[in-house]
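A closer look at the structure
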Amino acid sequence: MRFRVSQELRQPVGTEFTLELRERSLLLDDAAVTDVQGDASLLRTDRGLLVTLRAAARLKGACSRCLAPLELPIEIDFQEEFIPVVDPVSGTHIASDEAEDSFVIDADLMLDLGEALRQYALMSMPGKPLCRPDCAGLCPNCGANLNEGPCACQAQDEGRWRALAALKPKDEEGS
């Protein structure tokens, strides 16, 4: 999601611009964000452009319990300053320690919102996305999807817990 901002960087400090965002798909680590729609407000600062972005999107991934495919709506909101690496008037390289820790506008004066969108989309994703709130998950023995009904396997008595079961008091009431 790249925008040429050479003219915007030549404007006086305080000048505002608006960009309309439409992106069909962004690939994340283990999911995809699709149908990104929103707008970005650009404010000319003394160092670069302050981008305030508000967008809605759809997250496509897998349920964290049963691994079924899912699609969730997410909101992506951020405000970040993008600093150019070259002067927009003279074209000379700008050496800045601050540019190393922030988002940059490249030497072609192109504002790339892709990485910022990716980072903020990852932060807005639920930690454990679920296909539904009461998802039963998968059987730990046979891997059957427990949302479709109980599995046919028998719960196995694991020998590693027998010693603890022997410590369980016979009299459950009062201690």
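Residues numbered from 1 in each chain as written. Predicted model: local features only at pLDDT ≥ 70, side-chain atom pairs only at ≥ 80, totals over all residues. Heavy atoms only, no water.

1. Overview of the overall build of the protein chain
If you tally the helices and strands in the protein chain, you get 3 helices and 7 strands. The order of helices and strands in the protein chain, counted from the N terminus, is β-α-β-β-β-β-β-β-α-α. By the burial criterion, 34% of the 175 residues in the protein chain qualify as buried. In the protein chain, the share of contacts with a sequence separation of at least 24, taken over all contacts with a separation of at least 6, comes to 50%. (Helix = DSSP H or I, 4+ residues; strand = E, 2+ residues; numbered from the N terminus. Buried < 20%, exposed > 50% of the residue type's maximum accessible area, 1.4 Å probe, protein only. Contact = heavy atoms within 4.5 Å.)

2. Here we look at the pattern of salt bridges
Summed over the entire model, instances satisfying the criterion amount to 8 salt bridges. One salt bridge in this structure joins Arg-47 and Glu-81, with 2.3 Å as the shortest N-O distance. Of this pair, Arg-47 sits in the loop between strand S3 (32–44) and strand S4 (49–62) while Glu-81 sits in strand S5 (residues 69–84), and the two are 34 residues apart along the sequence. A relative accessible area of 34% means that Arg-47 is categorised as partly exposed. A salt bridge links Glu-115 to Arg-118; its shortest N-O distance comes to 3.0 Å. (Salt bridge = Lys/Arg side-chain N within 4 Å of Asp/Glu carboxyl O.)

3. Comments concerning the packing of aromatic side chains
Enumeration over the complete set of coordinates arrives at 2 aromatic pairs. Summarising the aromatic geometry, the rings of Phe-78 and Tyr-120 are spaced 4.7 Å apart at their centres and angled 20° between planes, so their arrangement reads as stacked. Taken together, the residues span a long stretch of sequence, with Phe-78 in strand S5 and Tyr-120 in helix H2 (residues 114–124) at a distance of 42 residues. For the residue pair Phe-78 and Tyr-120, the accessibility class agrees, reading buried in each case. When the ring of Phe-82 is compared with that of Phe-103, the centres are 5.2 Å apart and the planes differ by 25°; the resulting orientation is stacked. Of this pair, Phe-82 sits in strand S5 while Phe-103 sits in strand S6 (residues 103–105), placing them 21 residues apart in sequence. Judged by relative accessible area, Phe-103 falls into the buried class, the value being 14%. (Phe/Tyr/Trp six-rings, centres within 6.5 Å; stacked < 30°, edge-to-face > 60°.)

4. Side note on H2
Spacing of three or four residues puts side chains on the same side of an α-helix, whose turn is 3.6 residues. For H2, the full list of buried residues reads Gly-114, Ala-116, Leu-117, Tyr-120 and Ala-121. Across the axial projection of H2, the buried residues extend over an arc of 155°, all falling on one side. If you follow the buried residues of H2, they end up packed against strand S2 (16–27), S3, S4, S5, S6 and strand S7 (110–112). (Arc of directions from axis to C-beta.)

5. What to know about the pairing of S4
Each regular strand carries side chains that alternate between the two faces of the sheet. The pairing of S3 with S4 spans 11 bridges and is classified as antiparallel. In the strand pairing of S4, Ala-32 is matched with Lys-60. Joining the antiparallel neighbours S3 and S4 is a turn of 4 residues. (Pairing = 2+ DSSP bridges.)

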